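Commentary on secondary and tertiary structure
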There are 6 protein chains.
Amino acid sequence: MANDVRRPSGRAPEQPREIRLTRDYTRHAEGSVLVEFGDTKVLCNASVEPGVPRWLRGKGQGWVTAEYGMLPRATHTRGGREATRGKQGGRTLEIQRLIGRSLRAAVNLKKLGEFTITVDCDVIQADGGTRTASITGGCVALVDAIRYLQRNKLIKGDPFKQLVSSISVGLFKGVPVVDLDYPEDSAADTDMNVVMAEAGSLIEVQGTAEKGSFSRAELNAMLELAENAGAQLFEHQREALGIPR
Amino acid sequence: MANDVRRPSGRAPEQPREIRLTRDYTRHAEGSVLVEFGDTKVLCNASVEPGVPRWLRGKGQGWVTAEYGMLPRATHTRGGREATRGKQGGRTLEIQRLIGRSLRAAVNLKKLGEFTITVDCDVIQADGGTRTASITGGCVALVDAIRYLQRNKLIKGDPFKQLVSSISVGLFKGVPVVDLDYPEDSAADTDMNVVMAEAGSLIEVQGTAEKGSFSRAELNAMLELAENAGAQLFEHQREALGIPR
Amino acid sequence: MANDVRRPSGRAPEQPREIRLTRDYTRHAEGSVLVEFGDTKVLCNASVEPGVPRWLRGKGQGWVTAEYGMLPRATHTRGGREATRGKQGGRTLEIQRLIGRSLRAAVNLKKLGEFTITVDCDVIQADGGTRTASITGGCVALVDAIRYLQRNKLIKGDPFKQLVSSISVGLFKGVPVVDLDYPEDSAADTDMNVVMAEAGSLIEVQGTAEKGSFSRAELNAMLELAENAGAQLFEHQREALGIPR
Amino acid sequence: MANDVRRPSGRAPEQPREIRLTRDYTRHAEGSVLVEFGDTKVLCNASVEPGVPRWLRGKGQGWVTAEYGMLPRATHTRGGREATRGKQGGRTLEIQRLIGRSLRAAVNLKKLGEFTITVDCDVIQADGGTRTASITGGCVALVDAIRYLQRNKLIKGDPFKQLVSSISVGLFKGVPVVDLDYPEDSAADTDMNVVMAEAGSLIEVQGTAEKGSFSRAELNAMLELAENAGAQLFEHQREALGIPR
Amino acid sequence: MANDVRRPSGRAPEQPREIRLTRDYTRHAEGSVLVEFGDTKVLCNASVEPGVPRWLRGKGQGWVTAEYGMLPRATHTRGGREATRGKQGGRTLEIQRLIGRSLRAAVNLKKLGEFTITVDCDVIQADGGTRTASITGGCVALVDAIRYLQRNKLIKGDPFKQLVSSISVGLFKGVPVVDLDYPEDSAADTDMNVVMAEAGSLIEVQGTAEKGSFSRAELNAMLELAENAGAQLFEHQREALGIPR
Amino acid sequence: MANDVRRPSGRAPEQPREIRLTRDYTRHAEGSVLVEFGDTKVLCNASVEPGVPRWLRGKGQGWVTAEYGMLPRATHTRGGREATRGKQGGRTLEIQRLIGRSLRAAVNLKKLGEFTITVDCDVIQADGGTRTASITGGCVALVDAIRYLQRNKLIKGDPFKQLVSSISVGLFKGVPVVDLDYPEDSAADTDMNVVMAEAGSLIEVQGTAEKGSFSRAELNAMLELAENAGAQLFEHQREALGIPR
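Residues numbered from 1 in each chain as written. Chains lettered and ligands numbered in written order. Predicted model: local features only at pLDDT ≥ 70, side-chain atom pairs only at ≥ 80, totals over all residues. Heavy atoms only, no water.

The name an unreviewed UniProt entry gives chain A is Ribonuclease PH, with Halomonas shengliensis as the organism. Of chain A, the UniProt comment under Sequence similarities (unreviewed entry) reads exactly: "Belongs to the RNase PH family." (UniProt positions renumbered as here; feature names shortened; annotations may be inferred.)

Have a look at this one:
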């Protein structure tokens, strides 16, 4: 492992891109956040709707779900519009299932009452890490949606449990690096997405060796990087939401 | 006809909303324009791709087409994602056919060579007039895409023919008004979308009496308003593109 | 503008094709009309069903809607069957939305009670003007369906408001002409569909410059032709329905 | 078995409905036949297109296929439009497969050359027996399409092999009857569709006991009726086509 | 007709393949039977669910239906997965309609109560005759599902009416043969599927002349073979189910 | 962490279920393996087809992909057939993407030549761990398909790189356990699927905290269990394939 490898982005292995979280980005959603991880820009809109899916009715709890999409020209070459093709692709479904699962870890569904919060994550511009940005920004939009419910006295308690954030890590030419942009991601041997709880523990780990395989030691080195970046992400989220440390 | 009717927006009957055209809004598209008609915000990305649809092959000409979409929470209440429902609705198809037809009037397809320019119009925030904003902003993105082709010497001549813009007009409590926002549109008796060429002539007129009907005199009064607003739209387009009057 | 242009059909500019309205064309529908605009033949069947769409329930009103289809070999070359392709095309959806909107102008939905009338317009043979024929014939079928409701004492009042008819006009070699057949439509510079109320006012105007653009003067000249033809269409409708002038 | 049972139609057990075959019913198709079995009316349009399906390419033979549809209000109550539902139902697919198979028995595909003839059978009005009428009328349209190919010297030999016709038979209150209309079909114990070649032999037999079961003797009695009716159908086809006996 | 023709399988014309019925093949279904007709293997799972389809509600009766599928590599060359293509093909729909209709002949739906039994027939390995094996094995699974309902006292009476089985017959080089495997089926002139009731009568007969046609005498010869094989199938079913003769 | 927790299956935390790999389970596929992890049974059929997907053409390499399906009654309650619903669900797509990615790690695609191997994994009976069983059994089927290519001299070199296997691990009442069956999986706090290469390194790790979260120490304890079980899986694979250690 050669730590002096040069990342295409010129960043140090442990250095994430510049993170920005802009609340109230659009007018209609109960929570609306533009999240930027460098050149990756995702609009996360959290919508509150009364009622829950059929299989949850009458259980006295709420639901949090997510949908993910990419504008056709968010990428280098134009991708077909999924609405035109008539279905969401496997990658899209896989990502939105991950986002939904991750965001549910932020909420006590029992205290949410019979409301559904849908977090739409639409990628305006893509440069790697759209799913980790979606989770990180989506969590802030979700908190705003919960605050909307509280402010309008639609629920009594506080269903908010903990902040959730996510970052990618990978092995680039054998070196563990954090927050891969598109050129780095394309060239990486291993790519891993880590979803973390504020307390420092793990909610989801998805690591894939695109080429070859990776060792337990490499896995742990990558998780180390993710944990450090996570601390910064939580700081950004708290600052955006005005939550004291 | 009572000209002293008060529009919900407080605007004078002949006063369009504030128009903004921001070029280079995203990084990847050959033309990328954020168009704002007041609170209506549409991202228009023009993509250049080699080749033409099957039915045009070998005819030595190019093609311009458009696709239209609305982010699920661009509106007051969340609309279902068309990719999830598995098809584009009738309204979407109708609008994107209109945008495509209108933008083709801006281009000499023979001079475009065997390239296809697809203009994606995705509504970030909706407050009435999304199709007219799409045409107006899409035309600027289209011009940028043509300039890209010229700058990169992919085509020889200049396929740009004329600017195209669009505005809505309507009868609000019997009074002709221009550029209706959502509350005005919902309450209007008649709604008309007008697509204009820079020379002052008409490319498309679509007027619908939502309630009752309208007379030829009312039609002409509405077209008068559209023509005046059109002059302002062309001015905005020229200014954004740095085209002298 | 040269009024001595020769139309492919040999008709004078202001002369519509022969119009025929045959009631009770099939046996099962509450209203069944074969409408012929020259060689264009459309079967318009109006079906009465109890109940209204979900979003209208409990509002004490009815609904009128339309569906449009073309038999695969109604045209010169065989078009794919939409049921086989698995979806209705954009053109089909656009047309059936127009027919539905137009026919609703003929009816007082409040007086219709909680019934839905669906008008199916299926093109048996196409030669231009299928949507205008559909509206004109569909209105007669609609009236028959309303009479069925009255005759069977399913409703009390009379929801019929006014006759609605439609004709196409266009600019053929610069000359305004009425009721374009397929060869004329293919060669026209501008094509406009006009939907009119019996009182002489306008319900819908959809004009498109296929090539170039059109002026306000040309628009008014075309509307003049439409108005005159409309008078004949209403006369045909009244005669078919036995309504005194 | 009581031969004195009274059929709802008042016909004798062995008496088919009045059969009518009208050629050149529409203008564009190479073969266009309206077939009527009493109140059942099906428009059969045969379209000639160059080329064959992918799996037949280069084999020097042609293809004959069929598509079947029912106008939404061909029946007592309105059936949903298959194009709107987004797929053809199982019954539709089953019927159009039967029609295609049956019509291929009329043709020597080797002599057809690399042409595809598609026979569209669209039910304008249904009163039982739409598939048998489709086969009987479709065969006449198919012959006209073959004659078109010959007349225009697009093929050399004569691919026409034999006439094919079809009729339904059934057990109505235990009595074998022929050509069941809708009320008879609904009340029948057994329903059978028989496709026959001119020579008197069988091409397809599909018998279903809707209630109970049927014996070999009953099967033979029904086939006897079909054979007799078949002779009349072939006579109608020959007369329509001007083929001497 | 030359009775000394040699079948590819080496079997005598009247000799069906080895039949095996294995009950309780999987663990979860209320009835689970692996049926083997030689190398054709179909897993038939009967599932009991409370409730009936919408159009049967409140009529105090049950429903029996079937679904059919083929594993992609059940055949010589891989067939596309229908779930991936997004729809069931016409052949699949035709077969599952036949299976459902046939199995309903085994049951008194009135005595079933408001339960639906769905029999899934999934072809693990195909070698001709998958639909006849599905009916024969599906009937055994169906009986097990009915016994489940009785054993758990979910219904009172006995809805089982009669055993139903099915076999294919055909004309192979002019000779009637029974239970065709894939090579025989591909080479046969005529192919017929026969569904029989235990009493010896017919429930469904579907005969198709793939090439040429067949005579009434040939039809009867084939039915003779089917009847004899049917006796053996019923014996297998009774033995599997422990039903005395 | 209390190691004396009692698993519903009665197994020790580190004890996988009984594993069985049956080769040549069906007749047609180039590789056909029934894999059993206890009561979970998956049929893995590897099909060899000439050619590669469009985006790989002309690159002189092959492709390995997977499709996954579940028979409707593989589970406790009947799940809808995806072919009937008209699309594969998100879970299905996610799983088949994982299987495909994992199996590609077993193959040197450059040496495969322009062939595509599709591994169909169809779940006959489900009791947890269907995706890990699919990968483990699918790898054996894949090796058989490669051997088929070699035996028939369709390729020259040996594209087989390494065995790949997979097992699930989880936290059950706080205790790391291996190879969870359905009742254990439903009750687990964390569920992780691990895909391993024969050399002991990791190909894919997907861990999800269904409730709460998990620590780095717990992650490592689970991976330890997976590694030990992996050694047994590779032993099973080698034994089935006759590969010496």
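**Structural notes on the overall build of chain A**
Within chain A, the regular secondary structure consists of 5 helices and 9 strands. Traced from its N-terminal end to its C-terminal end, chain A shows the element sequence β-β-β-β-α-α-β-α-β-β-α-β-β-α. Relative to its length of 245 residues, chain A is compact, with a C-alpha radius of gyration of 18 Å against a globular reference of 18 Å. Over its C-alpha atoms, taken along the principal directions, chain A stretches across nearly 55 × 45 × 30 Å. Going through the 245 residues of chain A one by one, you find that 62% of them count as buried. Across chain A, every contact between residues at least 6 apart in sequence was considered, and the portion connecting residues at least 24 apart equals 70%. Carbon together with sulfur atoms contributes 48% to the accessible area of chain A, which is approximately 9,300 Å² in total. Averaging the coordinates of the 33 positive side-chain charges in chain A and doing the same for the 31 negative ones gives two points 7 Å apart. (Helix = DSSP H or I, 4+ residues; strand = E, 2+ residues; numbered from the N terminus. Rg over C-alpha atoms; globule rule 2.2 N^0.38 Å. Buried < 20%, exposed > 50% of the residue type's maximum accessible area, 1.4 Å probe, protein only. Contact = heavy atoms within 4.5 Å. Areas by Shrake-Rupley, 256 points an atom, 1.4 Å probe, with all protein chains shown as cover. Lys, Arg positive; Asp, Glu negative; His and termini not counted. Charge placed at Lys NZ, Arg CZ, Asp CG, Glu CD.)

**Remarks on the sheet that holds strand S7 (residues 175–178) of chain E**
Each strand in a sheet pairs with another by means of backbone hydrogen bonds, the pair being arranged parallel or else antiparallel. With antiparallel pairing, 8 strands are arranged side by side in an open sheet as S7(D)-S6(D)-S8(D)-S9(D)-S9(E)-S8(E)-S6(E)-S7(E). Edge strands, defined here as strands with exactly one partner in the open sheet, are strand S7 (175–178) of chain D together with S7 of chain E. In this sheet, neighbouring strand axes are inclined to one another by 20 degrees on average, regardless of whether the strands run parallel or antiparallel. In this structure, strand S6 (residues 164–172) of chain E lies alongside strand S8 (residues 190–197) of chain E, joined through 8 bridges in antiparallel fashion. Within the sheet, the bridge partner assigned to Gly170(E) lies in S8(E) and is Asp191(E). In the packing of helix H3 (residues 130–151) of chain D onto the sheet, the strands contacted are strand S6 (164–172), strand S8 (190–197) and strand S9 (202–209) of chain D, and the crossing angle to S6(D) comes to about 160 degrees. Along the sheet face, helix H5 (residues 216–241) of chain D touches S6, S7, S8 and S9 of chain D together with strand S9 (202–209) of chain E and points at about 145 degrees away from the line of S6(D). (Pairing = 2+ DSSP bridges. Axes fitted to C-alpha atoms, helices over the stretch in contact; angles between N-to-C directions.)

**Let's talk about the pattern of salt bridges**
Between side chains of opposite charge, a pair can form as their charged atoms come close. Tallying each qualifying case throughout the model produces 143 salt bridges over all chains. Across the pair Arg81(B) and Asp120(A) runs a salt bridge whose closest N-O atoms are separated by 2.7 Å. With Arg81(B) in the loop between strand S4 (63–70) and helix H1 (82–85) and Asp120(A) in strand S5 (residues 115–125), this residue pair bridges two chains. Looking at Arg81(B), the relative accessible area reads 9%, which means it is buried. For Glu184(E), the salt bridge goes to Arg11(E), with nearest N and O atoms at 3.4 Å. One end of the pair, Glu184(E), is in helix H4 (residues 182–187); the other, Arg11(E), is in the segment before strand S1 (19–23), and 173 residues separate them in sequence. (Salt bridge = Lys/Arg side-chain N within 4 Å of Asp/Glu carboxyl O.)

**Considering the UniProt feature "binding site: phosphate" (unreviewed entry) in chain A**
Residues and elements named next belong to chain A. The UniProt record marks Arg91, Gly129, Thr130 and Arg131 with the feature "binding site: phosphate" (unreviewed entry), using the residue numbering of this structure. A stretch of 41 residues holds the annotated residues, and the largest C-alpha distance among them is 13.4 Å, short enough that they meet in one place. Note that Thr130 resides in helix H3 (residues 130–151). At a separation of 2.6 Å, a polar atom in the side chain of Thr130 contacts the side chain of Tyr68. Among the residues examined, Arg131 registers a relative accessible area of 19% and is labelled buried. (Polar contact = N/O pair within 3.5 Å; in protein donor to acceptor, adjacent residues only side chain to side chain.)

**As for the interface of chain E and chain F**
Opposite the 38 residues of chain E that make contact, chain F presents 38 residues. Across the chain E/chain F interface, buried area totals approximately 3,100 Å², and carbon plus sulfur atoms make up 44% of it. It is His28(E), Arg73(E) and Arg78(E) that lose the most area in chain E upon contact with chain F, and together they represent 25% of the buried surface on that side. At the surface where chain E touches chain F, the tally comes to 16 salt bridges. Here Arg78(E) makes a salt bridge to Glu67(F), at a shortest N to O gap of 3.4 Å. If you look at where chain E meets chain F, you find 27 residue pairs in polar contact (both at pLDDT 80 or more). For the side of chain E that touches chain F, the elements supplying multiple residues, two or more each, are strand S3 (40–50), strand S4 (63–70), helix H1 (82–85) and strand S5 (115–125) of chain E. The class makeup of the residues in the side of chain E that touches chain F is 13 nonpolar, 12 polar and 13 charged. (Buried area = accessible area lost by both parts, 1.4 Å probe. Nonpolar A, V, L, I, M, F, W, Y, C, P; charged D, E, K, R; others polar.)

**Examining the confidence of the model for chain A**
The pLDDT averaged across chain A works out to 95; a share of 98% of its residues lies at or above 70. Interface confidence for the predicted complex, given as ipTM, is 0.94, next to a pTM of 0.93. (pLDDT = per-residue confidence, 0-100.)

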